[in-house]
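# Topology and contacts: notes
Each chain, letter by letter, is given below.
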Amino acid sequence: MSDITTSETPVHAPVNAEAQTASQWQQAGTLLEQLRTRINRVVIGQQAVVDQVLIALLAGGHVLLEGVPGLGKTLLVRSLARGFGGEFRRIQFTPDLMPADVTGHAIFHMGESRFEVRRGPVFTNLLLADEINRAPAKTQAALLEVMQEQQVTIDGEAHPTPRPFMVLATQNPIEQEGTYPLPEAELDRFLLKVLIDFPSQAAEEQLAAAASSGRIERQLQQDAEPILGTEQLQRLQALVPQVELDQQVLGYAVRLVRATRESSQLRRSAGPRASIGLILAARAHALMQGREFVLPDDIKAMAIPVMRHRVAVSPEMEIDGQTADNVLAQIIESVEAPRL
């Protein structure tokens, strides 16, 4: 595995320091491209989804995945965890799931007269929270608190989650009977909302052939050696805030978010957390390309995934069949991007 460093260049650096720094960004881009390629070998026909999940992981955010069952969400998380040698756990959310089933609890040993903490499934690197909207509000809140604080308090003692830590929560967009929709404030905890759609005809043929022949499982076994380790991934995450951001690009990102507050087509607009998330995701998007600076195109690429769950269309737009993505696309077209 290659090493990634995050040390800043000294003021009086040697002439070759600039080239060394440039190679650092290129090396990061190469490693991420290798990880992306490996995941795409098993998660067939979902390249955009893979890219967005990797961006969220780099940015240290969480992802809300929306798509019908059977589109490879569990396979995606398994493959991603193997790619950096991390742990992966899955929770099936149900109406009778309790907060302690997610976070863990303390039990008392009568013979030894002591309490023992049993950690829940949130103590992992990647957590797949399947059908999060099927659990009651108290259980949802327990998970979302861990997402925000990156720790669990059990019997008055704080237990930090492993690093890196990311939650990928899924929702079924069709089957809503017996569900508990996530409140707006809790939706805002997710950096991105990623839509998983059906693959194309060619991709589905490739997927059907690979799955029915057992080739996907064999590929997972062959890819047992991680491309990078958890510590190396954390160093890549540390590079994200160092990606340069021009003031004009910063202003462009904020203007896009603020434009949602002026749109008559939306009944709920994006708040300041969307501005922060958009800039963070754009920085991670640039790093995925091996660049050390953000372009307006990075902002455009991440605007819809960052804001689609933070806005809601007006009743008139719903009647016309318009979605949040449609309205956001119009807003992006209406806001002039800077020319650098």
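A brief look at the structure comes next. (Residues numbered from 1 in each chain as written. Predicted model: local features only at pLDDT ≥ 70, side-chain atom pairs only at ≥ 80, totals over all residues. Heavy atoms only, no water.)

## Re the sheet that holds strand β8 (residues 166-171)
On the basis of which strands lie adjacent, the open sheet formed by 5 strands has the order β2-β5-β8-β1-β9 and parallel pairing. Taken across any chain shown, the strands that pair with only one partner, and hence form the sheet edges, are β2 (88-92) and β9 (192-195). Strand-to-strand, the axes of this sheet are offset by a mean angle of 20 degrees, without reference to chain direction. Where strand β5 (residues 126-130) meets β8, 4 bridges bridge the pair, whose relative direction is parallel. Within β8, the position partnered with Leu-127 by the bridge is Val-167. The strands that helix α2 (residues 47-59) touches are β1 (63-66), β5, β8 and β9; relative to β9, the one it contacts most, it runs at about 165 degrees. (Pairing = 2+ DSSP bridges. Helix = DSSP H or I, 4+ residues; strand = E, 2+ residues; numbered from the N terminus. Axes fitted to C-alpha atoms, helices over the stretch in contact; angles between N-to-C directions. Contact = heavy atoms within 4.5 Å.)

## Thoughts on unusual backbone geometry
Omega for the peptide link from Arg-163 to Pro-164 comes to -10 degrees, which places this bond in the cis form. Mapping Pro-164 onto the fold places it in the loop between β7 (157-160) and β8. Here Glu-131, not a glycine, exhibits a phi torsion of approximately 55 degrees, which is positive. Note on placement: Glu-131 falls in the loop between β5 and α5 (137-149). Positive phi outside glycine occurs at Gln-150, with the angle close to 55 degrees.

## Digging into the nonpolar core
Counting residues in hydrophobic clusters, the biggest one holds 81 residues, and the most contacted among them are Leu-58, Leu-80, Leu-126, Met-166, Leu-168, Leu-287 and Ile-299. Discounting residues that sit within four places of it in the chain, Leu-168 has contacts with Val-53, Val-63, Leu-65, Val-77, Leu-126, Leu-127, Leu-128 and Ala-129. Ranked by size, the runner-up nonpolar core spans 23 residues in total, among them Leu-97, Val-122, Leu-144 and Phe-190. (Core = buried A, V, L, I, M, F, W, Y, C linked by side-chain atoms within 4.5 Å. Buried < 20%, exposed > 50% of the residue type's maximum accessible area, 1.4 Å probe, protein only.)

## Notes on the environment of Ala-208
If you trace the backbone, Ala-208 turns up in helix α7 (residues 201-212). Sequence separation between Ala-208 and Ile-319 is 111 residues, and the spatial gap between their C-alpha atoms is 37 Å.

## Thoughts on the packing of helix α3 (residues 73-83) against helix α8 (residues 215-222)
Packing of α3 against α8 leaves a shortest axis separation of 10 Å and a crossing angle of 20 degrees. Between α3 and α8, the angle is such that the two are roughly parallel. Here α3 and α8 pass one another in a crossing that is left-handed. Residues Leu-75, Arg-78, Ser-79 and Arg-82 of α3 form the contact with α8, whose participating residues are Ile-216, Glu-217, Leu-220 and Gln-221. Classifying every residue of the contact of α3 with α8 by side-chain character gives 3 nonpolar, 2 polar and 3 charged. (Parallel < 35°, antiparallel > 145°, perpendicular 65-115°, else oblique. Left-handed = near helix turned anticlockwise from the far one by under 90°. Nonpolar A, V, L, I, M, F, W, Y, C, P; charged D, E, K, R; others polar.)

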